[in-house]
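Notes for the structure review
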Amino acid sequence: MQRIVVLASGSGSNLQAVIAGCLNNVIDADVVGVVSNSPGAHALTRAVDAGITAELIVQNDGEARRHYDTRLADAVASFRPDWVVLAGWMRLLTSQFLDRFPGSVVNLHPALPGELPGTNAIERAWGEAVSGKRIASGVMVHLVPDEGVDDGPVLASRVVPVDASGTLDAFAAAIHDTEHQLLVATLAGLCASDSS
Ligand code: GAR
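Described below are features of the structure shown in this document.

Cut-off values and rules
- Residues numbered from 1 in each chain as written.
- Predicted model: local features only at pLDDT ≥ 70, side-chain atom pairs only at ≥ 80, totals over all residues.
- Heavy atoms only, no water.
- Pairing = 2+ DSSP bridges.
- Helix = DSSP H or I, 4+ residues; strand = E, 2+ residues; numbered from the N terminus.
- Axes fitted to C-alpha atoms, helices over the stretch in contact; angles between N-to-C directions.
- Contact = heavy atoms within 4.5 Å.
- Buried < 20%, exposed > 50% of the residue type's maximum accessible area, 1.4 Å probe, protein only.
- Arc of directions from axis to C-beta.
- Core = buried A, V, L, I, M, F, W, Y, C linked by side-chain atoms within 4.5 Å.
- Near = heavy atom within 4 Å.
- Polar contact = N/O pair within 3.5 Å; in protein donor to acceptor, adjacent residues only side chain to side chain.
- Areas by Shrake-Rupley, 256 points an atom, 1.4 Å probe, with all protein chains shown as cover.
- Nonpolar A, V, L, I, M, F, W, Y, C, P; charged D, E, K, R; others polar.
- Salt bridge = Lys/Arg side-chain N within 4 Å of Asp/Glu carboxyl O.

Pairing is mixed across the open sheet formed by seven strands, whose spatial order is E3-E2-E1-E4-E5-E6-E7. Across the chains shown, the open sheet's two edge strands, defined by having one partner strand only, are strand E3 (54-56) and strand E7 (154-161). Across the sheet, the mean angle separating the axes of adjacent strands is 20° when strand polarity is ignored. The pairing of strand E6 (residues 136-143) with E7 spans seven bridges and is classified as antiparallel. Residue pairing across strands places Ser 137 opposite Val 160, the latter belonging to E7. Lying on the sheet, helix H3 (residues 65-77) is in contact with strand E1 (2-7), strand E2 (29-36), E3 and strand E4 (83-86); it crosses E1 at an angle near 145°.

What follows is the structure in structure tokens.
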């Protein structure tokens, strides 16, 4: 059985989808730990409610990013993960973290490969659609080999149309639905094909 650790900064709806995917045996893995950098993250509550160990690791005042990333990596490594899944993890990770989990860090981003890296990708795609510059956006799941932002070898992506005559809320809901499906399907494939 593969071991998944999820890093999440916010609501954790994707974490919830991954937990359900494991419980339903769609993903041949267990979520063995959830780590957040944000005290208010609902993802922590979701983890506790599911009986999963949850850890809050906050960057201290004046703490260097690389020092924080070493502490974070130590905490994640203690769960002995096969896969480290960034599901709404809203901090850039340095090589101090990434080099500890080579080939094992998976990121979810609410945009297509090469488009809209960084925060608020859904809102930015919507803005472009409303101003006539875009008719579709999408979702991708990719490996994180280095410090590039929302960039790396693509594992899966799916197009989501934007209906600019609709609402941002409806578009965001379509993106999130697609994320939940694509992340679970991608992890199912990774965990089925990996024998570690
Ligand atoms: C998701 O839309 C995820 O793709 C995005 O944060 C949201 C988290 O939602 N991540 C990024 O933008 C990474 N650049 P959730 O907390 O409900 O899973």
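The structure having been displayed, the exposition proceeds.
For helix H5 (residues 121-130), the set of buried residues is Ala 121, Ile 122, Ala 125, Trp 126 and Ala 129. For H5, the arc enclosing every buried residue in end-on projection is 135°, short of the 170-degree limit, so these residues lie on one face. Gly 132 sits one or two residues past H5 and shows a positive phi near 80°.

Turning next to the environment of Ser 13. On the secondary structure map, Ser 13 appears in helix H1 (residues 13-23). Ser 13 sits 139 residues away from Gly 152 along the chain, and the two C-alpha atoms are 23 Å apart. Once you skip the residues sitting within four places of it in the chain, Ser 13 turns out to touch Arg 46 and His 180.

Our focus in this paragraph is the nonpolar core. Counting residues in hydrophobic clusters, the biggest one holds 42 residues, and the most contacted among them are Ile 4, Val 6, Ile 27 and Val 31. Among the elements that line this core, the one with the most residues is helix H6 (residues 168-193), at 10 residues. Those residues in contact with Ile 4 that sit more than four places away from it in its chain are Val 18, Cys 22, Ile 27, Ala 29, Asp 30, Val 31, Val 32, Gly 33, Trp 83, Val 85, Leu 187 and Cys 191. If you look at the next biggest cluster of nonpolar residues, it comprises 20 residues, including Val 32, Trp 89, Leu 93 and Val 105.

Among the 14 residues in the neighbourhood of the ligand, the closest are listed as Gly 12, Ser 13, Asn 14, His 109 and Glu 179. Side-chain polar atom of His 109 to a nitrogen atom of the ligand: 3.0 Å apart, as the coordinates give it. At a separation of 3.1 Å, a nitrogen atom of the ligand approaches a polar side-chain atom of Asp 150. For the ligand, whose unbound accessible area comes to 450 Å², protein coverage reaches 88%. Where the shell around the ligand is concerned, the elements lending two or more residues are H1, strand E5 (105-109) and H6. Partitioned by chemical class, the residues of the shell around the ligand number three nonpolar, nine polar and two charged.

This part takes up the pattern of salt bridges. Opposite charge on two side chains permits pairing when their charged atoms draw close. All chains considered together, the criterion is met by five salt bridges. The partner of Glu 128 in a salt bridge is Arg 134, with the nearest N and O atoms 2.8 Å apart. Exposure remark for Glu 128: the relative accessible area of 25% places this residue in the partly exposed category. On the basis of relative accessible area, Arg 134 is assigned to the buried category, the value being 13%. Ionic contacts of the salt-bridge type, sharing partners, join the residues Glu 115, Glu 128 and Arg 134 into one network.

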